[in-house]
Amino acid sequence: MENHLQKDAPLLLCMGEPMAEYNQQPDGRYVQGFGGDTSNAAISAARQGARAGIFTHIGCDPAGDGLLELWRGEGIETHLVKRCADAQTGIYFVTHDTDGHHFSYYRKMSAAAQMTASDVPEDILAHTSILHVSGISQAISKSASDAVLAAIDAVKSAGGRVSYDTNLRLGLWPLEEARATIHDTMKKCDIALPGLDDACQLTGLSAPEDIADFYLGLGVSVVALTLGAKGTLVATADAREIISSFPVQAVDATAAGDTFDGAFLAELLAGRSPFEAARYANATAALSTTGYGAVAPIPMREQVTAFIKSYV
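This text gives an overview of the structure that appears in the document. (Residues numbered from 1 in each chain as written. Predicted model: local features only at pLDDT ≥ 70, side-chain atom pairs only at ≥ 80, totals over all residues. Heavy atoms only, no water.)

Description of the overall build of the protein chain
- Along the protein chain, the regular secondary structure elements total 11 helices and 13 strands.
- In terms of overall size, the protein chain behaves like a compact globule, its C-alpha atoms giving a radius of gyration of 18 Å where 312 residues would be expected to give roughly 20 Å.
- Along the first, second and third principal axes, the C-alpha atoms of the protein chain reach 50 × 50 × 45 Å.
- Counting every position in the protein chain, which comprises 312 residues, the buried fraction comes to 57%. (Helix = DSSP H or I, 4+ residues; strand = E, 2+ residues; numbered from the N terminus. Rg over C-alpha atoms; globule rule 2.2 N^0.38 Å. Buried < 20%, exposed > 50% of the residue type's maximum accessible area, 1.4 Å probe, protein only.)

See the structure below:
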């Protein structure tokens, strides 16, 4: 497959579990789409102009067919996507009420959970500029967690960077196991992308500044701690700043964090500072909440740029 950017452009490779989505609409109907945190991040990055790729397993089913069509339509590289005849692509439902959006997952032993360390092509990953993974990437199975660690080692040994979104899902693993695995993995990473709620549970801390210090203490060079309506705390060893959010009329926050991740990493690959990247990513994530579903509302770069200009 030919990507719309130069083959030698920096590559953001997103590794994890893609899923089929059924999102409840205001009239009660469910609209079928697609999701999965690292898939959403790849799409977000691609829509901002970055060269993005997917590393995963999907089923030989209609959902898998749809995901491949989606990724290829977005210009995302799919040569590390494996089809599994003996496992299905996971699915989830999104419902909405006055308390926000709620997820119901049907993913036990999904195709992505069949990934193993032996599936990691070290020679290909050696050309990855940033590998993006998440807590979900490791929580879906022990073998998938081993695959993530092998991929991290391959990218790091070749001089690439690793980005990690904690994306805590306690329905997949107990807190103590999640805490131990995520903290150990984060020590191997360069960019920490936790959400405040996740970070409070994982670290036992509540103050954003203390949480940023915790992750910097694990060895990452950049922390972008998303704070919801309060913006994003970006911290490095030398500086830190809260980057303000952009107010919008939000209707569905599904994949807002993933959208932030993809936009943030795309901006880093484009040479922006973490602080500049966070401002752009805040705007991208805000726009993504103005429509329903994980993928459809993720904006293109032109939309984000115009939106930011409207606030200047």
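Following the structure, the description resumes.
Here's the deal with the sheet that holds strand β2 (residues 19-24)
- The four strands lie next to each other as β3-β2-β6-β7, forming an open sheet whose pairing is mixed. Looking along the sheet, the strands with just one partner apiece sit at the ends: β3 (30-35) and β7 (100-106). When strand polarity is set aside, the average angle formed by the axes of neighbouring strands in this sheet is 25 degrees.
- Bridge count for β2 against strand β6 (residues 90-97) is five bridges, and the pairing is parallel. In the sheet register, Y22 faces β6, and the bridge partner there is F93. (Pairing = 2+ DSSP bridges. Axes fitted to C-alpha atoms, helices over the stretch in contact; angles between N-to-C directions.)

Examining the packing of helix α9 (residues 256-269) against helix α10 (residues 274-288)
- It is at 8 Å that the axes of α9 and α10 come closest, and there the two elements cross at 145 degrees. Of the two possible hands of crossing, α9 and α10 adopt the one that is right-handed. Contacts between α9 and α10 involve A256, T259, F260, A263, F264, E267 and L268 from the first element and P274, A277, A278, Y280, A281, N282, T284, A285 and S288 from the second.
- Residue classes in the contact of α9 with α10 are distributed as 11 nonpolar, four polar and one charged. (Left-handed = near helix turned anticlockwise from the far one by under 90°. Contact = heavy atoms within 4.5 Å. Nonpolar A, V, L, I, M, F, W, Y, C, P; charged D, E, K, R; others polar.)

A word on the state of the cysteines
- With the rule as written, the count across this model stands at zero disulfides.
- Considering cysteine sulfurs only, C84 is the nearest to C60, which forms no disulfide, with 7.1 Å between them. (Disulfide = S-S within 2.5 Å.)

What to know about α10
- Taking 1.5 Å per residue, 15 residues should reach 21 Å; α10 reaches 20 Å between its end C-alpha atoms and fits that length.
- By the criterion of burial, α10 is predominantly enclosed, with 13 of the 15 residues buried. (Expected span 1.5 Å × (residues − 1).)

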